[in-house]
Amino acid sequence: MERTFAIIKPDAVERKLAGKILDRIEANGFAIRGMKKIKMTREQAEGFYYVHKERPFFNDLCAFMSRSPVIVLCLEKDNAIADWRTLMGATNPANAEAGTIRKDFAINIEENSAHGSDAPETAAFEIPYFFNAFELV
Ligand code: RTP
Ligand code: MG
């Protein structure tokens, strides 16, 4: 079993799409080990996305991710990291496969409804960034 870290991003929570996205998560065999609704501070968003700090979209991304609540999740299944990224679809919804979360729900390349860890080392940083051991069940 593998764990990954996921976020239902502000654009999706604002449009009341969280239930639909959680339904897809469970229907695709992921166990929800941790889940909570939080509103990130600007500083939390900057720390979470520090790998992107030199990218031109960093400021907009951190403003977006801290503008309203998100749902943070720890998901578990075999091959969870790759399978969750497949279920989300490409970063830019214009390039996402039919039936993916981003194809169906994302607004644009930035407001793209979901986040997923991209590697085991990333998941190992991201899960404890938001969850302590008692919050993972
Ligand atoms: P994520 O980290 O959120 O799961 O998405 P990702 O791996 O598919 O994309 P990544 O390259 O890590 O970018 C992180 C997030 O930054 C926003 N973004 N905006 N304006 C732009 O060109 C641009 N590019 C990326 C998106 O919200 C993306 O998910
Ligand atoms: Mg990424």
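This is a predicted model, so every value here is computed, not measured.

1. Points about the UniProt feature "active site" (unreviewed entry) in the protein chain
Next, step 1: Under the UniProt annotation, the feature "active site" (unreviewed entry) is placed at H115.
Next, step 2: Take H115: it is sitting in strand β4 (residues 114–116).
Next, step 3: Classification of H115 by relative accessible area gives buried; the value is 9%.

2. A few points about the site of ligand 1
Next, step 1: Taken together, 13 residues are adjacent to ligand 1, and K9, T91, E110, N112 and H115 come closest.
Next, step 2: Residue R102 places a side-chain N or O atom 3.2 Å away from an oxygen atom belonging to ligand 1.
Next, step 3: The separation between an oxygen atom of ligand 1 and a polar main-chain atom of E110 is 2.8 Å.
Next, step 4: In isolation ligand 1 offers 570 Å² of accessible surface; the protein chains occlude 82% of this area.
Next, step 5: Of the residues that constitute the shell around ligand 1, the class distribution is four nonpolar, five polar and four charged.

3. Topic: a nonpolar patch on the surface
Next, step 1: Together, Y50, V51 and F125 make up an exposed nonpolar region whose accessible area comes to about 280 Å².
Next, step 2: Counting through the fold element by element, V51 comes out in the loop between α3 (42–48) and α4 (58–65).
Next, step 3: A residue is classified by how much of its surface remains accessible, and V51, at 59% relative accessible area, is exposed.

What counts and what doesn't
- All residue numbers here refer to positions counted from 1 along the written sequence of the relevant chain.
- Note on labels: chains are lettered from A, ligands numbered from 1, in written order.
- Since the coordinates come from a predicted model, pLDDT governs what is reported: local features require at least 70, and pairs of side-chain atoms require 80 or more to be given and counted, while whole-chain, interface and lining totals use all residues.
- Only hydrogens and water are removed before side-chain values are computed, so all heavy atoms of the structure are retained for them.
- UniProt positions are given in the numbering used here, feature names are shortened, and annotations may be inferred rather than shown by experiment.
- Numbering of helices and strands runs from the N terminus; a helix is a DSSP stretch of H or I covering at least four residues, while a strand is a stretch of E covering at least two.
- Exposure is judged per residue with a 1.4 Å probe applied to protein chains only, and the accessible area is read against the type maximum: over 50% gives exposed, under 20% gives buried, and values in between give partly exposed.
- Nearness is judged by heavy atoms alone; a residue qualifies as near a molecule or strand once a single heavy atom is within 4 Å of it.
- Residues adjacent in sequence count toward polar contacts only when both atoms are side-chain atoms; beyond that, a polar contact is any pair of N or O atoms within 3.5 Å, and within protein one must be able to donate a hydrogen and the other to accept it.
- All accessible-area figures derive from a Shrake-Rupley calculation using a 1.4 Å probe, and residue coverage is judged against the displayed protein chains alone.
- Think of it as three bins: nonpolar holds Ala, Val, Leu, Ile, Met, Phe, Trp, Tyr, Cys and Pro, charged holds Asp, Glu, Lys and Arg, and polar takes everything else, Gly as well.
- Patch construction takes residues with relative accessible area above 30% that form no salt bridge. Like charges are linked within 9 Å, and nonpolar side chains (Val, Leu, Ile, Met, Phe, Trp, Tyr) are linked within 5 Å.
- One speaks of a salt bridge when a side-chain nitrogen belonging to Lys or Arg is within 4 Å of a carboxyl oxygen belonging to Asp or Glu.

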